[in-house]
Amino acid sequence: MRLRMAARLVRGLLVAISATGLAVSAHAQEKKIKIGVVFDLTGPLAGGGSELNYVGTKIILDHFAKSGVEGYKIEAVYADAQSKPDIAINESVRLLEQEKVDMVLGFFSSAQCVPVAARVEQLKKFMWMTTCISSAVFNEKGYKYVFRPQASGDQFGMMTMDFIAQNASAKLGKEPKDLRVAIIHEDGAYGVDVSKGNEAGAKKAGFNVVLKEGYSATAPDLSALVTKLKRAKPDVIFHTGYNPDITLLLRQAREQGLKFAALMGHGAGYGVYEKLKEGMGADATYIFNADPISIWLSNQKTMDPKLPPVIKMVGEEFDRIKPGVAIRSAHVGIGASNTYVFMSDVLPRAIKKYGGVDPDALRKAALDTDIPEGGTMLGFGVKFYGEGTPMAGQNERSFPVVIQYLDDKSHVVWPKSQAQREAVLPLPKGTTYSNQ
């Protein structure tokens with residue numbers, strides 16, 4: 001009797017041990033990385049480009065979720081920053097501390113990126129910014145866990161100034177010293193940073209800056225600014241804004257009869273053609289915009305051959321999600337490309353070389369990234385400034401391009417190495433804002 005009971009006990013223990021082993025094995029097989037994704041899905045920034053970045057980012061995350069990465073499942077947890085910096089901070093902390101995500105990714109607004117980056121670094125967690133551009137995120141901060149493959153704001157401002165400087169004589173009939181330019185911008189981190197690039201570029205070119213002024217992106221009336229522009233009589237206006245402030249400014253400019261030769265935008269609201277056309281109609285034609293190149297306009301002949309099929313996939317998914325859109329916004333490609341760099345380059349290295357997805361493994365893997373020009377869907381390469389440098393964590397190989405909207409299409413017009421056609425400059429005679 002006692003022998004039978006002992007045998008039963010042994011068998012029970014063996015079953016229990018076996019079950020425990022299976023549970024441990026199952027747990028081991030369920031390795032995953034939880035990624036907190038933060039964009040503005042409501043509020044003014046949603047329509048200004050944030051929601052389109054979210055779409056591009058989600059397409060890539062969904063794509064990798066199907067197969068996983070190096071044995072790790074991909075789980076994305078999404079949060080809405082509601083176009084408010086304080087909510088962006090709170091949602092990021094909530095994702096990290098309550099949802100227990102391994103990292104945070106995304107972020108459209110520089111006004112959010114600056115404080116969120118400081119908080120995430122303080123927590124010693126990993127942050128991958130896909131979209132915001134302000135140099136103030138990194139300048140002299142010495143961050144270890146914050147990275148951005150995207151171009152910085154001062155590059156945007158310098159690029160548009162260089163474009164006008166190189167075309168002033170041939171297309172505008174003026175030497176740079178005789179060209180009158182105005183620099184106007186929303187007064188947040190994004191606008192201020194781009195305007196600094198504008199100022200540096202104007203000084204380098206020798207332009208006559210006749211007005212430089214910031215304004216609140218939520219201002220209900222910009223007529224006073226338009227009056228100042230009329231008095232200043234600029235040939236070219238360099239504007240950094242979101243939307244609806246862009247539409248408000250240009251509507252009031254039309255009402256007050258403001259005239260100029262060219263309008264240069266710098267991403268954000270200028271990167272969403274559908275919104276520009278909705279607010280301005282035919283007057284959206286001929287506007288220039290500096291942004292990373294649209295992935296559908298980048299030169300696929302010089303690109304890593306594995307990327308064109310990904311670009312095709314992103315386009316097809318976007319068309320399915322948002323059918324009937326005239327121009328696939330560059331914002332979609334920014335989110336998609338910069339997320340793809342993390343998922344295809346940084347994450348596999350963190351797992352294989354550094355043993356997992358903890359913040360230090362991800363940080364070391366990011367610092368090892370060395371992608372040459374043509375190695376991303378946006379055309380530029382990726383190599384991050386290292387620790388001890390003034391812009392540690394910023395991609396040193398990124399660059400924007402200048403595009404122009406013509407016939408419901410966007411065309412790259414600068415730099416020459418990327419240009420698809422000649423720019424229409426100045427505004428044709430008879431158009432609403434033309435000073436011809």
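An unreviewed UniProt entry lists the protein chain under the name Amino acid/amide ABC transporter substrate-binding protein (HAAT family), from Bradyrhizobium huanghuaihaiense. Recorded under Sequence similarities (unreviewed entry), the UniProt text for the protein chain is reproduced unchanged: "Belongs to the leucine-binding protein family."

**Notes on the overall build of the protein chain**
Helix and strand content of the protein chain: 12 helices and 12 strands. Radius of gyration (C-alpha) of the protein chain: 25 Å, near the 22 Å computed for a compact globule of 436 residues. When its C-alpha atoms are laid out on the principal axes, the protein chain stretches across 110 × 45 × 45 Å. The long-range fraction of contacts in the protein chain, counting pairs at least 24 apart against all pairs at least 6 apart in sequence, stands at 69%. Accessible surface computed for the protein chain: about 18400 Å², of which carbon and sulfur atoms make up 52%. Between the centroid of the 53 positive side chains of the protein chain and the centroid of its 46 negative side chains there is a distance of 4 Å.

**Let's talk about helix α5 (residues 153-172)**
Two residues of an α-helix separated by three or four positions point the same way, owing to the 3.6 residues in each turn. Of all the bends in α5, the greatest measures close to 40 degrees and is centred on Gln166. Those residues of α5 lying buried are Gly153, Phe156, Gly157, Met159, Thr160, Met161, Phe163, Ile164, Asn167, Ala168 and Leu172. Directly beyond the C-terminal end of α5, a positive phi value near 70 degrees is found at Gly173.

**Re the pattern of salt bridges**
One pass over the structure, following the stated rule, counts 23 salt bridges. Close ionic contact of Glu199 with Lys212 constitutes a salt bridge, the shortest N to O distance being 3.8 Å. Of the two residues, Glu199 sits in helix α6 (residues 189-205) while Lys212 sits in strand β7 (residues 208-215), which places them 13 residues apart along the sequence. Residue classification places Lys212 among the partly exposed positions, given a relative accessible area of 36%. One salt bridge in this structure joins Glu213 and Lys228, with 3.0 Å as the shortest N-O distance. You can see Glu213 sitting in strand β7 and its partner Lys228 sitting in helix α7 (residues 223-232), a full 15 residues away along the chain. It is possible to trace a salt-bridge network through shared partners that takes in Glu91, Arg94 and Glu99.

**Some words on the sheet that holds strand β5 (residues 146-147)**
Spatially, the five strands line up as an open sheet ordered β2-β1-β3-β4-β5, and their pairing is parallel. Only two strands of the sheet have a single partner each, and these edge strands are β2 (73-80) and β5. As paired strands, strand β3 (residues 103-106) and strand β4 (residues 126-129) are joined by four bridges and run parallel to one another. Bridge pairing in β4 places Leu105 opposite Trp128.

Scoring rules and cut-offs
Residues numbered from 1 in each chain as written. Predicted model: local features only at pLDDT ≥ 70, side-chain atom pairs only at ≥ 80, totals over all residues. Heavy atoms only, no water. UniProt positions renumbered as here; feature names shortened; annotations may be inferred. Helix = DSSP H or I, 4+ residues; strand = E, 2+ residues; numbered from the N terminus. Rg over C-alpha atoms; globule rule 2.2 N^0.38 Å. Contact = heavy atoms within 4.5 Å. Areas by Shrake-Rupley, 256 points an atom, 1.4 Å probe, with all protein chains shown as cover. Lys, Arg positive; Asp, Glu negative; His and termini not counted. Charge placed at Lys NZ, Arg CZ, Asp CG, Glu CD. Bend = angle between axes of the 7 residues up to and from the residue. Buried < 20%, exposed > 50% of the residue type's maximum accessible area, 1.4 Å probe, protein only. Salt bridge = Lys/Arg side-chain N within 4 Å of Asp/Glu carboxyl O. Pairing = 2+ DSSP bridges.

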